[in-house]
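Spelled out, the chains give:
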Amino acid sequence: MEFYPSIEKSDIQEIKKFQEQKLQELLTYLENNSPFYQRLFKENNINIADIQTLEDLPKIPTTAKNDIQQNNDDFFCITLDKIVDYSTTSGTLGDPVTFGLSDNDLERLAYNEAISFVCAGIQKGDVVQMITTIDKRFMAGLAYFLGLRKMGASVVRMGPGIPELQWDSIFRYKPKYLITVPSFLLKMIDYAEKHGIDYKNSSVYGAVCIGESIKNQDFTDNILSQKIKEKWDIKLFSTYASTEMSTAFTECEHQIGGHQHPELIITEILNDDGNVVKEGESGELTITTLGVEALPLLRFKTGDIVKAHYEPCECGRNTMRLGPVIGRKQQMIKYKGTTLYPPAMNDILNDFNNILCYQIVIQSNEIGLDEIIIKISTNSDSENFVNEVRDHFRAKLRVSPKIELIEFDILSKVVFNPNSRKPITFTDLR
């Protein structure tokens, strides 16, 4: 197994030619096996022989999550007896979607994570502690385990939560890396400080961070990342993935964006008109999966607004890199003339050490305009705390949201819902 794929260090034109060959294989596979894409090709008079290059892709309409929600079964290209695992999306924007995986799909998933972890510096023989669930139909947790096993690392399957058990495991098995939601590291640090745990001299060298951004658009550390590193001097690596992609974009040691794996995925960054954005502009990430057997996707709009980076990386890979997610297209907020995404508000709230937990709630007011309510639990005794938060919003984003103080015992049960894979820090009620 090649964990440093030569195609990623090939010439740009070589990578393009390689992807175009894989694209033609995918189109033939979809035409033969996918009821949904058979119908799409027929209704739009698409002859797949006319799709020869990546520049021909716009001849094919895009698909989105609602297409899969409404036609879930028609996206499957294999019979049910060939499915060996069922996963579902996290339901960020509605009902979860079912994804089945064949045996070959699980192999592809393992390969994807293995080369992604190697990209981040994890090596054969390293001990890695998974602070993420592997059950509840969660594809990512399974992918992490399969990838680490394939590359020869040792896995400590701790699951999420319970800082006391995480620290017990760290000092017992001495993991070099953690896989975790980054905000949970702050909880672990807080627990360690309160219980006299010498966490700064633990075995942990770095953490692969999932589910939350740790970088600004210029790849400097954002507030969350800064707060972690101020307390605990460990390496933090960004990774971006989704169930639909079955593919990860993970940072290398130079930490300037997540590297694309061209043998696994084709990417387009599209504007609101469906056209490819100019280099340096942000747009909606649209993906075409390569090598997926059960539920391959062609020109699938992820809903994530991102910026791509094409300049060479010092690691030697010539692949496109994705910057931090700017926001989800359907979570865009128009507030008093200002366009906002939740990550920008997360950064502001993470700036306050005395905020214990928070939730951003978006709803429509009586005249149909977006309204922002920030629910906060705090240990601050200051009477001016709410004004301080509001002033910080004004200074950074030029908006002044409504702020509600909520008891920690009440709000924490909503934010850290045991049925959710991630903290629920954003709720859209529009």
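What counts, and where the lines are drawn
Residues numbered from 1 in each chain as written. Predicted model: local features only at pLDDT ≥ 70, side-chain atom pairs only at ≥ 80, totals over all residues. Heavy atoms only, no water. Helix = DSSP H or I, 4+ residues; strand = E, 2+ residues; numbered from the N terminus. Rg over C-alpha atoms; globule rule 2.2 N^0.38 Å. Buried < 20%, exposed > 50% of the residue type's maximum accessible area, 1.4 Å probe, protein only. Contact = heavy atoms within 4.5 Å. Areas by Shrake-Rupley, 256 points an atom, 1.4 Å probe, with all protein chains shown as cover. Phe/Tyr/Trp six-rings, centres within 6.5 Å; stacked < 30°, edge-to-face > 60°. Pairing = 2+ DSSP bridges. Axes fitted to C-alpha atoms, helices over the stretch in contact; angles between N-to-C directions. Salt bridge = Lys/Arg side-chain N within 4 Å of Asp/Glu carboxyl O. Core = buried A, V, L, I, M, F, W, Y, C linked by side-chain atoms within 4.5 Å. Polar contact = N/O pair within 3.5 Å; in protein donor to acceptor, adjacent residues only side chain to side chain. Expected span 1.5 Å × (residues − 1). Parallel < 35°, antiparallel > 145°, perpendicular 65-115°, else oblique. Nonpolar A, V, L, I, M, F, W, Y, C, P; charged D, E, K, R; others polar.

A. Expanded view of the overall build of the protein. When helices and strands are counted, the protein shows 11 helices and 20 strands. Against the compact-globule benchmark of 22 Å for 430 residues, the protein has a radius of gyration of 22 Å, which places it among compact chains. Expressed along its principal axes, the backbone C-alpha trace of the protein runs to roughly 70 × 60 × 45 Å. In the protein, buried positions account for 52% of the 430 residues. Pairs at least 24 apart in sequence give 66% of the contacts found in the protein among residues at least 6 apart. As displayed, the protein has an accessible area near 20,100 Å², and 47% of this comes from carbon and sulfur atoms.

B. Region of the structure containing the packing of aromatic side chains. If you walk through the whole model with that rule in mind, you get 12 aromatic pairs. Considering the side-chain rings of Phe 36 and Phe 75, the 4.1 Å spacing of their centres and the 20° angle between planes classify their relative orientation as stacked. Of this pair, Phe 36 sits in helix α2 (residues 35–43) while Phe 75 sits in the loop between α3 (65–70) and β1 (85–88); the two residues are 39 residues apart in sequence, bridging distant segments of the chain. By relative accessible area, Phe 36 is classed as buried at 8%.

C. Layout of the pairing of strand β12 (residues 300–309). Here β12 lies mainly inside the structure; eight of its 10 residues are buried. Alignment of strand β11 (residues 282–289) against β12, held across five bridges, turns out to be antiparallel. Residue pairing across strands places Ile 287 opposite Phe 300, the latter belonging to β12. As judged from the two bridges shared by β12 and strand β14 (residues 327–328), these two strands associate in the antiparallel manner.

D. Main features of unusual backbone geometry. The phi dihedral of Gln 255 falls on the positive side, at around 50°, and the residue is not glycine. Mapping Gln 255 onto the fold places it in the loop between β8 (247–251) and β9 (258–259). Phi is positive for Arg 299, which is not a glycine, with a value near 55°. When you line up the elements, Arg 299 lands in the loop between β11 and β12. A relative accessible area of 3% means that Arg 299 is categorised as buried.

E. Up close: the sheet that holds strand β17 (residues 355–364). With respect to topology, four strands assemble into an open sheet ordered β19-β18-β17-β20, the strand pairing being mixed. Looking at the sheet topology across the chains shown, the edges are occupied by β19 (402–405) and β20 (426–428). Mean inter-strand twist for the sheet, computed between neighbouring axes without regard to direction, equals 20°. Along the sheet face, helix α10 (residues 385–397) touches β17, β18 (370–378) and β19 and points at about 145° away from the line of β19. Contacts from helix α11 (residues 408–415) reach β17 and β18 within the one sheet, and its direction differs from that of β17 by about 65°.

F. A look at the pattern of salt bridges. For the structure on display, the rule yields 19 salt bridges. For Lys 329, the salt bridge goes to Glu 284, with nearest N and O atoms at 3.5 Å. A residue pair is termed long-range when its members are at least 10 positions apart, and Lys 329 in the loop between β14 and β15 (333–335) and Glu 284 in strand β11 qualify at 45 residues. Within the structure, one salt-bridge network assembled from shared partners comprises Asp 272, Glu 284, Lys 301 and Lys 329.

G. Highlighting the nonpolar core. Grouped together as the largest cluster of nonpolar side chains are 48 residues, with contacts concentrated most on Tyr 37, Phe 41, Ile 60 and Leu 298. When residues of this core are traced back to their parent elements, those giving at least two are α1 (12–33), α2, β2 (98–101), α4 (103–119), α5 (139–151), β10 (265–270), β11 and β12. Discounting chain neighbours no more than four positions away, the residues touching Leu 298 are Leu 23, Leu 26, Leu 27, Leu 30, Tyr 37, Phe 41, Leu 57, Ile 60, Thr 63, Ile 287 and Thr 288. In this structure, Phe 3, Tyr 144, Ile 179 and Leu 264 belong to the second largest nonpolar core, which totals 23 residues.

H. View of the environment of Gln 166. Relative to the assigned elements, Gln 166 resides in helix α6 (residues 163–173). Note on Gln 166: relative accessible area 0%, which makes it buried. Leaving out residues up to four positions away in the same chain, Gln 166 has contacts with Gln 129, Ile 131, Met 158, Gly 159, Pro 160, Gly 161, Phe 184 and Met 188. For Gln 166, the side chain forms a polar contact with the main-chain oxygen of Gly 159, separated by 2.8 Å.

I. Here's a closer look at α4. Here α4 spans 25 Å end to end across 17 residues, near enough to the 24 Å set by a 1.5 Å rise per residue. Counting buried residues along α4, 14 of its 17 residues qualify, which places the element largely inside the surrounding structure. Of the residues one or two after α4, Gly 121 is the one with positive phi, at around 105°.

J. View of the packing of α1 against α2. Direction vectors running N to C along α1 and α2 enclose 100°, while the axes themselves pass 6 Å from each other. What the angle tells us is that α1 and α2 run roughly perpendicular. Where α1 approaches α2, its residues Leu 27, Leu 30, Glu 31, Asn 32 and Asn 33 are matched on the opposing element by Pro 35, Tyr 37, Gln 38 and Phe 41. Classifying every residue of the contact of α1 with α2 by side-chain character gives five nonpolar, three polar and one charged.

K. Looking closely at the environment of Asn 201. Along the chain, Asn 201 falls in the loop between α7 (182–194) and β6 (206–209). Engagement of the side chain of Asn 201 in a polar contact is seen with the side chain of Asp 198, the distance being 2.9 Å.

L. Up close: the packing of α6 against α7. Two numbers describe how α6 lies on α7: the axes approach to 9 Å, and their chain directions differ by 80°. By the angle between their axes, α6 is roughly perpendicular relative to α7. Contacts between α6 and α7 involve Pro 163, Glu 164, Gln 166, Trp 167 and Ile 170 from the former and Phe 184, Lys 187, Met 188, Tyr 191 and Ala 192 from the latter. Per-class residue counts for the contact of α6 with α7 are seven nonpolar, one polar and two charged.

So yeah, pure geometry; function would need other evidence.
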